[in-house]
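# Breakdown of the fold
The chain contents come next:
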Amino acid sequence: MVHLFVWIGVAVLYYLVFSLFFDTPIEYEVRKTNKELSRQYELLSNRLDSLNRVMENVVERDKNVYSMLFEAAPYSSTEELSGNWESADKLLTMSNNELASLFFEKLSKLNADVTSQTGRFENLQYKMQEIGDGLNYIPAIQPVNNNELTKLAASYGMRIHPFYKSMASHQGVDFAVPEETRVFAVADGVVANVGTTEQQGKGVSITIDHGNGYRTFYGHLNKANVRRGQRVRRGDIIAHSGNTGLSFMPHLHYEVIFEGRRVDPINYFFYELDHRNTIQMQKVAQIGMQSLD
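Each chain carries its own residue numbering, running from 1 in the written order of its sequence. Confidence filtering applies because this is a predicted model: local features only for residues at pLDDT of at least 70, side-chain atom pairs given and counted only at 80 or more, and all residues used for totals across whole chains, interfaces and linings. Calculated side-chain values reflect all of the structure's heavy atoms, with hydrogen atoms and water omitted.

## A few points about the overall build of the protein
Only DSSP runs of H or I reaching four residues or more are called helices, and only runs of E reaching two or more are called strands; each is numbered from the N terminus. When its secondary structure is counted, the protein shows five helices and twelve strands. Any residue under 20% of the maximum accessible area for its type is buried, any over 50% is exposed, and the rest in between are partly exposed; the area is computed with a 1.4 Å probe on protein chains only. Here the protein holds 293 residues, and the buried ones make up 34% of them. A contact between two residues is defined here by any heavy atoms of the two lying within 4.5 Å. Across the protein, every contact between residues at least 6 apart in sequence was considered, and the portion connecting residues at least 24 apart equals 68%. Total accessible area computed for the protein in this model is approximately 18,100 Å², and 56% of it derives from carbon and sulfur atoms. Computed with the Shrake-Rupley method and a 1.4 Å probe, the accessible areas treat only the protein chains shown as cover for residues.

Structure below.
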């Protein structure tokens, strides 16, 4: 009997010592699962931070538009950034399997988006290397200072016209900026037109020909600092913004024209914006449904 207890004690001691240095199969699977869950939690946290930044930019943009339009401080509300409580309540009622399924579905979509965007940027980088010095003549920066990404008020595409209140094609982007804001040339080129005759309703405007199929247009200006035929370089102050022409409020209307066709200017801010900020600006731009001209 004594020997039996001794062997049992040895076995227990061996198990305890073994468990201190080695994981059992169950413990190994639990550790592996916890490690994967921690990694996925970090991905979701980063995603949530990105969405919060987008929401903050939208709120700041709306405050900017409000203060310029009504010349008063915007209202303050503690619920500006409140989430969708209905969706949150729905999540609380879901089982672990349903939550896991939803999580992996969103994660799969996110991975696909990242892969797609990575491919686009690699292709763009390759083309940039091919072009070389020709990049100086391609629109590549924003025409106004917008480091916080809060001044873009209306994007390219079908938008509600501020005066006619019907859907209309908006061929550029609108930056909500005060009058006398500095406007920059977005690439090297030659001033092709200055005045009020380039586009009806766009007030005082400037068109720059970049000599490689690209032209840029700047509308609703207060005054132009350049003349027709003048050569400009990227970053030169070519004008100050205003509220001339058929304009809902002070702003800059900006267009990029490639081979006679107007394209989305957001795709031509790549000198200033990295991949994350480009996606962030695209999301902010799609929220506003009314143009300012």
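## Section: the side chain of His-253
Mapped onto the elements, His-253 comes out in strand β11 (residues 252–258). For His-253, a relative accessible area of 1% corresponds to the buried category. Among the polar contacts made by the side chain of His-253, one reaches the side chain of His-170 at a distance of 3.5 Å. His-253 has contacts with His-170, Gly-172, Val-173, Asp-174, Lys-202, Phe-217, Tyr-218, Gly-219, His-220 and Asp-293, leaving out every residue within four places of it along the chain. Each polar contact in these results corresponds to two N or O atoms within 3.5 Å; when the atoms are within protein, one needs to be able to donate a hydrogen and the other to accept it, and residues that are neighboring in sequence are counted only if both atoms are side-chain atoms.

## Quick notes on the nonpolar core
Take the buried residues of types Ala, Val, Leu, Ile, Met, Phe, Trp, Tyr and Cys, join any two whose side-chain atoms come within 4.5 Å, and each joined set is a nonpolar core. The biggest cluster of nonpolar side chains holds 34 residues, and the ones touching the most others in it are Phe-175, Val-183, Ile-206, Tyr-218, Ile-238, Leu-252 and Tyr-254. Those elements that provide at least two residues to this core are β4 (173–175), β7 (204–209), β8 (214–224), β10 (237–241), β11 and α5 (275–287).

## Re the confidence of the model for the protein
In the predicted model, the protein carries a mean pLDDT of 78, and 74% of its residues have values of at least 70. Element-level mean pLDDT values for the protein span from 61 in helix α1 (residues 2–21) up to 97 in strand β5 (residues 182–184). Scored below 50 in pLDDT, residues 77–82 makes seven contacts in the model with residues more than four places away or belonging to other chains. pLDDT measures how confident the predictor is about each residue, on a scale from 0 to 100.

## Considering the packing of aromatic side chains
Working definition: rings of Phe, Tyr and Trp (its six-membered ring) pair if their centres are within 6.5 Å, and the pair is stacked with planes under 30 degrees apart, edge-to-face with planes over 60 apart, and tilted otherwise. Inspection of every chain in the model, using the stated rule, returns six aromatic pairs. Seen in terms of ring centroids, Tyr-214 and Tyr-268 are 5.5 Å apart; in terms of plane orientation they differ by 70°. Their pairing is edge-to-face. In this pair, Tyr-214 is assigned in strand β8 and Tyr-268 in the loop between β12 (261–263) and α5, connecting sequence segments 54 residues apart. In this structure Tyr-268 comes out as buried when scored by relative accessible area, which is 14%. For the ring pair Tyr-218 and Tyr-254, a centre distance of 5.5 Å and an interplane angle of 40° mean the geometry is tilted. Of this pair, Tyr-218 sits in strand β8 while Tyr-254 is found in strand β11, placing the two residues 36 residues apart along the sequence. For Tyr-218, a relative accessible area of 0% puts it in the buried group. Cluster of aromatic residues (ring-pair linked, three or more members): Phe-175, Tyr-218, Tyr-254 and Phe-269.

## A closer look at the pairing of β10
Among the five residues of β10, four are classified as buried, and the element is accordingly described as predominantly covered. If DSSP finds at least two bridges between two strands, the strands pair. Note: β5 against β10, three bridges, orientation antiparallel. Counterpart to Arg-182 in the pairing with β10 is His-240. In this structure, β8 lies alongside β10, joined through three bridges in antiparallel fashion. Counted as the bridge partner of Leu-221 is Ser-241 from β10.

## A short note on the pairing of β7
Both faces of the sheet carry side chains from a regular strand, because those side chains alternate between them. As paired strands, strand β6 (residues 189–195) and β7 are joined by five bridges and run antiparallel to one another. Note that in β7 the partner of Asn-193 across the bridge is Thr-207. Counting the residues that bridge the hairpin from β7 to β8 gives four residues, and of these Gly-211 lies at a positive phi of roughly 80°.

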